[in-house]
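Here is what each chain is made of, one letter per residue.
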Amino acid sequence: MKDSLHFYPYRRTFAVVNKNNMKKKVPFTKMHGTGNDYIYVNTITTPVPDPEKAAIVWSDRHKGIGSDGLVLIGESPVPEADFSMRIFNADGSEAMMCGNASRCIGKYLYERALTTQTQIRLLTLSGIKTLDLHVTPDGIVESVTVDMLEPVLENEEQFIPSRSIGKGTFVSMGNPHYVIFTDDIDQVGETGRILELHPAFPQRCNIEFARIEADGSIRTRVWERGSGITMACGTGACATAVAACLTKRAGRKSRIVMDGGTLDIEWRESDNHVYMTGPAAFVFDGEIELP
């Protein structure tokens, strides 16, 4: 009996000290678009004061949640948009835009009842993107079409890194991409790592390796700046489709097959905008301490 009397007060004291030292917990949702996975936090209700550090710590696939980065969903500071998005890569650097993340945000906002709209205007660092949600009769967002606006082309055949790699096509979809058509798309790890930091890209670059398949689809692998090899990249899929059209390898519509799934891309002639359609999925919800 004496042991019990001494033991429980000790545990009670320890618990109080531990509780006082606990950091604030943040609710999050992990989602993916064709395998491109991010951690999503609704900053309308829960701010993240140091998103750069949080992205690095939480994205760690061994010690954290594991992801390609962190996405913050917020209110729009301008009336022209309904919500805002900020995205931080796994290395803590802030990205201008992510197509897969924008589709996930559309699903999140609708299915978590933050909006009843099936067309959402999303403010990003590369402009306002319009999301058209394709909703089933039972209220599930099956897929999302994103107006990715006009591609920006600067010196389409920008440079030849080496004879073995060949020419690439530079396309900006709000963030920079360099698309190389080659049969050896599996060089993505070795070569992508080098090209991301090539002197021709002072702000670093996303690198795509693409191959035209017999059925007309385009098999693509991606090295994302700040994250490395990812299962998919929405802006990368758009850049690949534009590059394929520019080099007369494809028409205005393309099916881009990435490691994590397929995206349908249309570079519409009527307005010169690129439209991306694809799925989005919830993985799990949880809480994690601020770093």
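Preceding this paragraph is the structure being described.
Bear in mind the structure is a predicted one, so any value in this text is a computation, not a measurement.

A.B. asks: What should I look at first to understand empty space enclosed by the protein in this one?
C.D. replies: Where empty space is left in the structure can be found by rolling a water-sized probe over the atoms. Going through the model one piece at a time under the given rule, you end up with 1 cavity of 30 Å³ or more. Residues that form the lining of the largest cavity fall into these classes: 6 nonpolar, 4 polar and 2 charged.

A.B. asks: What should I look at first to understand helix α4 (residues 188-196) in this one?
C.D. replies: For an α-helix, the turn length of 3.6 residues means that residues three or four places apart are oriented alike. Considered for burial, the residues of α4 that qualify are V188, G189, T191, G192, L195 and E196. On its buried side, α4 packs onto β10 (176-181), β11 (206-212), β12 (218-224) and β13 (228-230).

A.B. asks: Whenever I open this one, the packing of aromatic side chains confuses me. Can you help?
C.D. replies: The relation between two aromatic rings is expressed through the spacing of the ring centres and the mutual angle of the planes. Across all of its chains, the model carries 3 aromatic pairs by this definition. A ring pair is formed by F170 and F201, whose centres lie 6.4 Å apart and whose planes are at 20°; its orientation type is stacked. Residue F170 is found in strand β9 (residues 169-172), and its partner F201 is found in the loop between α4 and β11; the two are separated by 31 residues along the sequence. For the pair formed by F170 and F201, the shared burial category is buried.

A.B. asks: Could you clarify how one ought to interpret the side chain of S102 in this entry?
C.D. replies: Position of S102 relative to the elements: it lies in helix α3 (residues 99-111). Those residues in contact with S102 that lie beyond four places of it in its chain are M85, M97, L122, L131, V146 and M276.

A.B. asks: Whenever I open this one, the nonpolar core confuses me. Can you help?
C.D. replies: In globular proteins that are soluble, nonpolar side chains generally tend to be buried together. Y40, V71, A101, I105, M148, I265 and V274 are the most contacted members of the largest nonpolar core, which totals 49 residues. Per-element accounting of this core gives the leading share, 8 residues, to helix α5 (residues 234-246). What Y40 contacts, discounting residues up to four positions off in sequence, is F28, T29, M31, V71, I73, N100, A101, C104 and I105. Among the nonpolar cores identified, the runner-up in size contains 14 residues, and F28, A55, L72 and I288 belong to it.

Here is what the cut-offs are and how they apply
Residues numbered from 1 in each chain as written. Predicted model: local features only at pLDDT ≥ 70, side-chain atom pairs only at ≥ 80, totals over all residues. Heavy atoms only, no water. 1 Å grid on protein atoms, 1.4 Å probe; cavity = no way out; pocket = protein on both sides within 12 Å on 5 of 7 lines; lining within 4 Å. Points joined across faces, edges and corners; volume = space filled by probe spheres on them. Nonpolar A, V, L, I, M, F, W, Y, C, P; charged D, E, K, R; others polar. Buried < 20%, exposed > 50% of the residue type's maximum accessible area, 1.4 Å probe, protein only. Helix = DSSP H or I, 4+ residues; strand = E, 2+ residues; numbered from the N terminus. Contact = heavy atoms within 4.5 Å. Phe/Tyr/Trp six-rings, centres within 6.5 Å; stacked < 30°, edge-to-face > 60°. Core = buried A, V, L, I, M, F, W, Y, C linked by side-chain atoms within 4.5 Å.

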